[in-house]
Amino acid sequence: QCHLTREAAPPPSTAGPFRVLESIVSSRRAPLFYYMTKRIAFLAAVLAPLALPARADYSDGVSAFARGDYATALVAFKQAARAGHVRAQFTLGFMYRGGRGVARDSAQAARWYAMAAQQGHVVAQFALGVMSQRGDGVARDPARAVHWYRRAAARGHDGAAFALARLYHDGD
């Protein structure tokens, strides 16, 4: 056979990952493997439906808010927010801070913003920084404002970075 001709290479094997799985299943660790697989499947089946109502409530709230039906939006956002939906928490803060569909209540706004901010919502972190700096809905606390501005700025919020720089510059 001429050295310039090549034999066809065998097809790539997909058995590699399955060999690892097969070795686990056939070893003494098999009962643990099956136990953990069943636990994970059970938790996924139980926990997955819990996230769906919050998402549905939030979507209903967005639709109602867009239609100008603030009462329905408020109920839907509160249900989603109590279930831990971060955007619903932020939106409630937005509604209370601006008096959109509810009486203006800065303390309530700060409460909802704080819930969203703790979950990493950048705009809520910035809003809490502003409210802490001004004493709007919360006690005036420049150190707390710096805390929230830093968290938001670290996640790329330009307004928070500017506010933080201004606080340092002004010495507040």
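Provided above is the structure to which this section pertains.
Numbers given for residues are sequential positions, taken from 1 along each chain in its written order. Only residues with pLDDT of at least 70 get local features here, since the model is predicted, and only at 80 or more are side-chain atom pairs given and counted; chain-wide, interface and lining totals rely on the full set of residues. Side-chain metrics rest on all non-hydrogen atoms present in the structure, leaving aside hydrogens and water.

### Things to note about the packing of aromatic side chains
Each pair of aromatic rings is reported with the distance of its centres and the angle of its planes.
Okay, so step 1: Stacked, tilted and edge-to-face are the three classes applied to pairs of Phe, Tyr and Trp rings, where Trp contributes its six-membered ring and a pair requires centres within 6.5 Å; stacked means planes under 30 degrees apart, edge-to-face means over 60, and tilted covers the rest. Across all of its chains, the model carries four aromatic pairs by this definition.
Okay, so step 2: Ring geometry for phenylalanine 126 and tyrosine 149: centres 5.9 Å apart, planes at 40 degrees, overall tilted. A residue pair is termed long-range when its members are at least 10 positions apart, and phenylalanine 126 in helix H6 (residues 122-134) and tyrosine 149 in helix H7 (residues 142-154) qualify at 23 residues.
Okay, so step 3: Remark: exposure states derive from per-residue accessible area (1.4 Å probe, protein chains only) relative to the maximum for the residue type, with buried under 20%, exposed over 50%, and partly exposed in between. Residue class for tyrosine 149 comes out buried when judged on its relative accessible area of 1%.
Okay, so step 4: Two limits define a charge over a ring: the Lys NZ or Arg CZ must be within 6 Å of the ring centre, and within 35 degrees of the ring normal. Here arginine 111 stacks its cationic end above the ring of tryptophan 112, 4.6 Å away from the centre of that ring. A run of DSSP states H or I qualifies as a helix once it reaches four residues; a run of E qualifies as a strand once it reaches two. Both are numbered from the N-terminal end.

### Quick notes on the environment of methionine 131
Okay, so step 1: Relative to the assigned elements, methionine 131 resides in helix H6.
Okay, so step 2: Considering only alpha carbons, one finds methionine 131 and serine 106, 25 residues apart in sequence, at a separation of 8.5 Å.
Okay, so step 3: Among all residues touching methionine 131, those that are not within four sequence positions of it are Arg97, Ser106, Ala109, Ala110, Tyr113, Asp136, Gly137 and Val138. Working rule for contacts: check all heavy atoms of both residues, and any pair within 4.5 Å makes them a contact.

### Re the packing of helix H5 (residues 106-118) against H6
Okay, so step 1: Throughout, an axis means a line fitted to C-alpha atoms (over the contacting stretch in the case of helices), and angles, computed between N-to-C directions, take values from 0 to 180 degrees. Between H5 and H6, the shortest axis-to-axis distance is 8 Å and the interhelical angle comes to 140 degrees. By the criterion of interaxial angle, the relationship of H5 to H6 is oblique. Regarding H5 and H6, the two cross each other, and that crossing is left-handed. Of the residues in H6, those touching H5 at Ser106, Ala109, Ala110, Tyr113, Ala114, Ala116 and Ala117 are Ala124, Gln125, Ala127, Leu128 and Met131.
Okay, so step 2: Each residue is assigned to one class: nonpolar for Ala, Val, Leu, Ile, Met, Phe, Trp, Tyr, Cys and Pro, charged for Asp, Glu, Lys and Arg, and polar for all the others, Gly among them. When the residues that make up the contact of H5 with H6 are grouped by side-chain class, the tally is 10 nonpolar, two polar and no charged. Comment on the angle field: the value is read as roughly parallel under 35 degrees, roughly antiparallel over 145, roughly perpendicular from 65 to 115, and oblique elsewhere. Helix crossings get a hand from a simple test, with the near helix turned counterclockwise from the far one by less than a right angle marking a left-handed crossing and a clockwise turn marking a right-handed one.

### Considerations on the nonpolar core
Okay, so step 1: Side-chain atoms within 4.5 Å link the members of a nonpolar core, which is a set of buried Ala, Val, Leu, Ile, Met, Phe, Trp, Tyr and Cys residues. In terms of nonpolar packing, the biggest core is built from 24 residues, with Phe77, Leu92, Tyr96 and Tyr113 touching the most fellow members.
Okay, so step 2: Listed by contribution, the elements that provide at least two residues to this core are helix H2 (30-67), helix H3 (70-82), helix H4 (86-98), H5 and H6.
Okay, so step 3: When residues in this core are grouped by element, the largest group, six residues, is from H5.
Okay, so step 4: In this view, phenylalanine 77 contacts Tyr58, Gly61, Val62, Phe65, Ala88, Thr91, Leu92 and Met95; residues no more than four positions away in its chain are not counted.
Okay, so step 5: If you look at the next biggest cluster of nonpolar residues, it comprises 10 residues, including Val146, Ala163, Leu164 and Leu167.

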